[in-house]
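# Tertiary structure, described
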Amino acid sequence: MNLPVAPPTISQTLAKVGRTALDFFAEAGAATMLLFRILVGIKGLWKDRKLFFEQALRLGFNSLPLVLLVGTFVGAVTAWQGNYQLKGYVPLQYLGSSTLKAIVIELGPVLTGLIIAGRVSASIAAELGTMKVTEQIDALESLGISPIRYLAVPRFYANLLMLPVLVTLADFIAMMGASFVATVLLGMTSAMFWNQIPVFFDVYDVIAGLAKAFVFGAVTALMGCHVGFSTRGGAEGVGLATIRAFVWSCILILMSDYILAMFLF
Amino acid sequence: MIEVQNLYKSFGDKSVLRGTNLTIDKGESLAIIGQSGCGKSVLLKHFIGLLQPDSGDVIIEGENIWNLSQAQLYKIRQKFGIVFQSAALFDSMMVAENISLGLREHSSMSGGEIDKRVKECLAMVNLSGIENLKPAELSGGMKKRVGLARAIAMKPDYVLYDEPTTGLDPISADAINDLIIRLNEQLDVTTVVVTHDMVSVYKVSDRIVMLHDGEIIFSGTPAETRETDNGIVRQFIEGRAEGPITTTSTLTS
């Protein structure tokens, strides 16, 4: 027989809210402390350049096929929907420049950041989380090697520098995808699509887009490392860490995107 | 010499170490025994600062490790080799890279000298020729021995073993015991073995201490341990389900 469960009292609810808030601030404090130690750790990056390049290859270069595939479709859909929105109001010759703005300022950095959150942040959390629960982090410490220096610093800076590169390539391939849709499916000539772009092109847009990419690169790597280092339990803990890293990276990307947009534009 | 003074450690509501005191002399081969979950591994990890106590001191060769900077603590850790319960080999690295990592980080040895040292260490644990294997390709016993090779690569003064024979068949476990004894003699190190495997304890140690309810409740030679009339120790070494441990333990949440 199931006994009726009493609803939580106000004090129980408040206590739960308080505990959740405290956990959140403790977590935010730990992530900030890790960020500080990683920033200080840049002075040892030259010594650990082999680790840095390994991570740049793994996190950046190996993400290229996925980023380019997604970039192609992002460009294609932006052009297609741009056509839908402009039709009847704005001449179609402005499709190229409006697509470029949308991609360079927003879609390229944000969507690439979200892909990297899924691929890189989750993979860093899973890798470091597994190392944590199998005592490999303790083993590093016991050898007198700082896990932050050896594991977090190369991953952070590799991702920080590779994400703008990936975003640049994604922007480029997205414009190719958009051009394909415009010329093959929307009946525009190539000249119609490209000719207005130099008129409205502003190099500041590119710089702002890349600034976003730097921040998203930092956020995704930081969350992967922080969540990985704080993993507890066995396989279940690693699974949860992967999800947490991905979810927090996405949230922070979207929040920082909004804040950066307010400052940059 | 390792001195542990009045060490307290809790995890959440669970109090694990409750004023633990222990002194380990240089050259000693000490076994720390106790029930599963009584805090043996927690105590061991305090020796090199892998865990921070709630209160109390850990003094290594006269230096309180909690008064040291991180760089100084890392320096102290280089005097230790630790063999982890799960071996804790770096699974992204080959065996040779696992063993040589500490040397590459801290020594001025050339690549050739490091390779030579890796071969020496593998020979000491009877695993010559597996330099290029990944940990995933090794059996449980081999992993423990590679972990041991990694622990001794930097010629430590202290070797700490966390459950070295757990999960191994009796023959592999005995091979590990022989190895511990041989390395202790060859390398002239201070050895601390945390285990509840009494066969191993009697074979490798010259002093046994028992951790119970967060405190060291017994210290003696293997012969004294066999003869003791301490009820708690007797129940543990005889492996009886009924006795004072099961009726009086207060190590609870």
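This brings us to the packing of aromatic side chains. This structure, assessed with the given rule, holds 8 aromatic pairs over all chains. A ring pair is formed by Phe193 of chain A and Trp194 of chain A, whose centres lie 5.2 Å apart and whose planes are at 85°; its orientation type is edge-to-face. Judged by its relative accessible area of 0%, Phe193 of chain A is buried. Judged by relative accessible area, which is 30%, Trp194 of chain A ranks as partly exposed. An aromatic cluster is defined as three or more aromatic residues linked by ring pairs; in this entry it consists of Phe24, Phe25 and Trp248 of chain A. The ring of Phe90 of chain B is capped by Arg150 of chain B, whose NZ or CZ atom sits 4.7 Å from the centre of that ring. Positioned above the aromatic ring of Tyr202 of chain B, the side-chain terminus of Arg226 of chain B is 3.9 Å from the ring centre.

Attention shifts here to the packing of helix α1 (residues 10-40) of chain A against helix α6 (residues 147-185) of chain A. All names here are of chain A. With their axes 9 Å apart at the nearest point, α1 and α6 run at an angle of 85° to one another. For the element pair α1 / α6, the angle class is roughly perpendicular. Of the residues in α6, those touching α1 at Leu34, Leu35, Arg37, Ile38 and Leu39 are Ile148, Ala152, Val153, Phe156 and Tyr157. In terms of residue class, the contact of α1 with α6 is built from 9 nonpolar, no polar and 1 charged.

So, about helix α5 (residues 140-152) of chain B. End to end, α5 of chain B covers 19 Å across 13 residues, agreeing with the expected 18 Å (1.5 Å per residue, within 8%). Every buried residue of α5 of chain B is listed here: Gly141, Lys144, Val146, Gly147, Leu148, Ala149, Arg150, Ala151 and Ile152 of chain B. On its buried face, α5 of chain B sits against α5 (136-142) of chain A together with β6 (80-83), α3 (95-106), α4 (111-124), β7 (158-162) and α6 (170-187) of chain B.

Under the defined criterion, the tally for this structure stands at 23 salt bridges over all chains. For Glu27 of chain A, the salt bridge goes to Arg244 of chain A, with nearest N and O atoms at 2.1 Å. Separated by 217 residues along the polypeptide, Glu27 of chain A in helix α1 and Arg244 of chain A in helix α10 (residues 235-264) bring together distant segments of the chain. By relative accessible area, Arg244 of chain A is classed as partly exposed at 29%. The partner of Lys79 of chain B in a salt bridge is Glu61 of chain B, with the nearest N and O atoms 2.6 Å apart. Taken together, the positions of Lys79 of chain B in the loop between α2 (70-77) and β6 and Glu61 of chain B in the loop between β4 (55-60) and β5 (63-64) put the pair 18 residues apart, joining distant regions of the chain. Its relative accessible area of 28% is what places Lys79 of chain B among the partly exposed residues.

Let us look at the packing of α5 of chain B against α6 of chain B. All names here are of chain B. Where α5 meets α6, the axes come as close as 11 Å, and the angle between the chain directions of the two elements is 15°. Our classification of the angle between α5 and α6 gives roughly parallel. You can see that α5 and α6 cross each other, and the crossing is right-handed. Across the interface between the two elements, Gly141, Lys144, Arg145, Leu148 and Ile152 of α5 pack against Ile176, Leu179, Leu183 and Leu187 of α6. In the contact of α5 with α6, the residues fall into 6 nonpolar, 1 polar and 2 charged.

Attention shifts here to the domain arrangement of chain B. All names here are of chain B. Assigned domains within chain B: domain 1 (1-79 + 158-168 + 190-253) and domain 2 (86-155). Spacing between the C-alpha centres of domain 1 and domain 2 amounts to 27 Å. On the domain 2 side, the residues contacting the 8 residues of domain 1 number 7 residues. Between domain 1 and domain 2, the buried area comes to about 540 Å², and carbon and sulfur atoms account for 63% of it. It is Gln78, Val159 and Leu168 in domain 1 that bury the most area against domain 2; as a group they hold 67% of the surface buried on that side. At the junction of domain 1 and domain 2, the tally comes to 0 salt bridges. Taken together, the links from domain 1 to domain 2 amount to 3 residue pairs in polar contact (both at pLDDT 80 or more). Residues of the side of domain 1 that touches domain 2, tallied by class, amount to 4 nonpolar, 3 polar and 1 charged.

Definitions and cut-offs
Residues numbered from 1 in each chain as written. Chains lettered and ligands numbered in written order. Predicted model: local features only at pLDDT ≥ 70, side-chain atom pairs only at ≥ 80, totals over all residues. Heavy atoms only, no water. Phe/Tyr/Trp six-rings, centres within 6.5 Å; stacked < 30°, edge-to-face > 60°. Buried < 20%, exposed > 50% of the residue type's maximum accessible area, 1.4 Å probe, protein only. Lys NZ or Arg CZ within 6 Å of the ring centre and 35° of its normal. Axes fitted to C-alpha atoms, helices over the stretch in contact; angles between N-to-C directions. Helix = DSSP H or I, 4+ residues; strand = E, 2+ residues; numbered from the N terminus. Parallel < 35°, antiparallel > 145°, perpendicular 65-115°, else oblique. Contact = heavy atoms within 4.5 Å. Nonpolar A, V, L, I, M, F, W, Y, C, P; charged D, E, K, R; others polar. Expected span 1.5 Å × (residues − 1). Salt bridge = Lys/Arg side-chain N within 4 Å of Asp/Glu carboxyl O. Left-handed = near helix turned anticlockwise from the far one by under 90°. Domains from an automatic or database assignment. Buried area = accessible area lost by both parts, 1.4 Å probe. Polar contact = N/O pair within 3.5 Å; in protein donor to acceptor, adjacent residues only side chain to side chain.

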